[in-house]
Amino acid sequence: MEFVKAHIGKEKYKTTITTSTKEFISDMPEGEGGASLGVKPKELLASALASCIAMTVRMYADRSKWPLEEVFVEVELDTETTPGTSIFRKKVDFKGDLTEEQLKRLHVIAMKCPIYKLLQNPTVME
């Protein structure tokens, strides 16, 4: 089970987030009333998916001893096109001397990351 804490004080939207190992800031951009001291909450959600995809692919390629040099993941979170629905658009690219078969396999592996699976499941808020 994962556990995080968030604390907001008198600095409008500046929020200190504490995990079991790190502490960082989330904030809103200046144009939205914040001070741009950290990433927006929706960016945190999209970055969780992007980083999980990249790490999962890296782990698989390393274990397979494949010549993967770099993984590039872009995630766009659209919550406005279809009201009540969150749309995650992903683009995953690889750099390295990889065969077509390896590239296809890495794209399949990318969709097996834990955060991707979590976002596919029903969500319950308690």
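Residues numbered from 1 in each chain as written. Predicted model: local features only at pLDDT ≥ 70, side-chain atom pairs only at ≥ 80, totals over all residues. Heavy atoms only, no water.

## Here's the deal with the pattern of salt bridges
Pairs can form between side chains of opposite charge whenever their charged atoms are close. Heads up, the rule is: The salt bridge criterion pairs a side-chain nitrogen of Lys or Arg with a carboxyl oxygen of Asp or Glu, the two atoms within 4 Å. Any residue under 20% of the maximum accessible area for its type is buried, any over 50% is exposed, and the rest in between are partly exposed; the area is computed with a 1.4 Å probe on protein chains only. Note on conventions: DSSP H or I runs of at least 4 residues are helices, E runs of at least 2 residues are strands, and numbering of each starts at the N terminus.
All chains considered together, the criterion is met by 7 salt bridges. Residues Glu11 and Lys14 are paired through a salt bridge, measuring 3.4 Å at the closest nitrogen-oxygen approach. Residue class for Lys14 comes out partly exposed when judged on its relative accessible area of 24%. Here Arg58 and Asp62 are joined by a salt bridge, their closest N and O atoms 3.2 Å apart. With Arg58 and Asp62 both in helix α1 (residues 41–64), this residue pair falls 4 residues apart, about one helical turn. One network of salt bridges, with partners in common, ties together Glu76, Asp78 and Arg89.

## Notes on the packing of aromatic side chains
What counts is decided by this rule: The pairing test for Phe, Tyr and Trp rings, Trp by its six-membered ring, is centres within 6.5 Å, and the orientation test on the planes gives stacked under 30 degrees, edge-to-face over 60, and tilted for anything in between.
This model, assessed by the stated rule, comprises 1 aromatic pair. When the ring of Tyr60 is compared with that of Trp66, the centres are 5.5 Å apart and the planes differ by 75 degrees; the resulting orientation is edge-to-face.

## Things to note about helix α2 (residues 100–110)
Note the threshold: Working definition: the arc comes from the directions between the helix axis and the C-beta atoms, pointing outward to the latter. Residue contacts are defined here by distance: any two heavy atoms, one from each residue, within 4.5 Å place the two residues in contact.
Every buried residue of α2 is listed here: Gln102, Leu106, Ile109 and Ala110. Looking straight down α2, one finds that the buried residues subtend no more than 100 degrees of arc, so they occupy a single side. Exposed positions of α2 whose direction lies more than 90 degrees from the buried face are Glu100, Glu101 and Lys104. Those residues of α2 that are buried lie in contact with α1, β4 (68–78) and β5 (87–96).

## Side note on unusual backbone geometry
Phi at Lys12 is positive, roughly 20 degrees, even though this residue is not glycine. Relative to the assigned elements, Lys12 resides in the loop between β1 (5–8) and β2 (15–18). Since its relative accessible area comes to 53%, Lys12 is described here as exposed. In the Ramachandran plot, Lys65 falls in the positive-phi region, its phi being about 60 degrees despite a non-glycine side chain. Locating Lys65 in the fold gives a position in the loop between α1 and β4.

## Things to note about the nonpolar core
For clarity, the threshold we go by: We define a nonpolar core as any set of buried Ala, Val, Leu, Ile, Met, Phe, Trp, Tyr and Cys residues linked to one another through side-chain atoms lying within 4.5 Å.
Ranked by internal contacts, the top residues of the largest apolar core, which has 14 residues, are Ile53, Val57, Leu68, Val71, Phe94, Leu106 and Cys113. For this core, the element with the most residues is α1, which contributes 5 residues. Excluding residues that lie within four positions of it along the chain, Ile53 makes contacts with Val73, Lys90, Val92, Ala110, Met111 and Cys113.

## Details of the environment of Thr99
Mapped onto the elements of the fold, Thr99 is located in the loop between β5 and α2. Assessed through its relative accessible area of 42%, Thr99 is described here as partly exposed. Taking the C-alpha atoms as reference points, Thr99 and His7, 92 residues apart in sequence, are found 48 Å from one another.

## Some details on the sheet that holds strand β3 (residues 23–26)
Note the threshold: For two strands to pair, DSSP has to find at least two bridges joining them. To obtain each axis, a line is fitted to C-alpha atoms, and for helices this fit is confined to the stretch in contact; angles are then taken between N-to-C directions over 0 to 180 degrees.
The strand order across the open sheet formed by 3 strands is β1-β2-β3, and the pairing between neighbours is antiparallel. The outermost strands of the open sheet, each flanked by one partner alone, are β1 and β3. Ignoring which end each strand starts from, the neighbouring axes of this sheet average 25 degrees apart. Across 4 bridges, β1 lies against β2 in antiparallel orientation. When the sheet's bridge partners are listed, Ala6 is paired in β2 with Ile17.

Worth remembering: the numbers are spatial, not functional.
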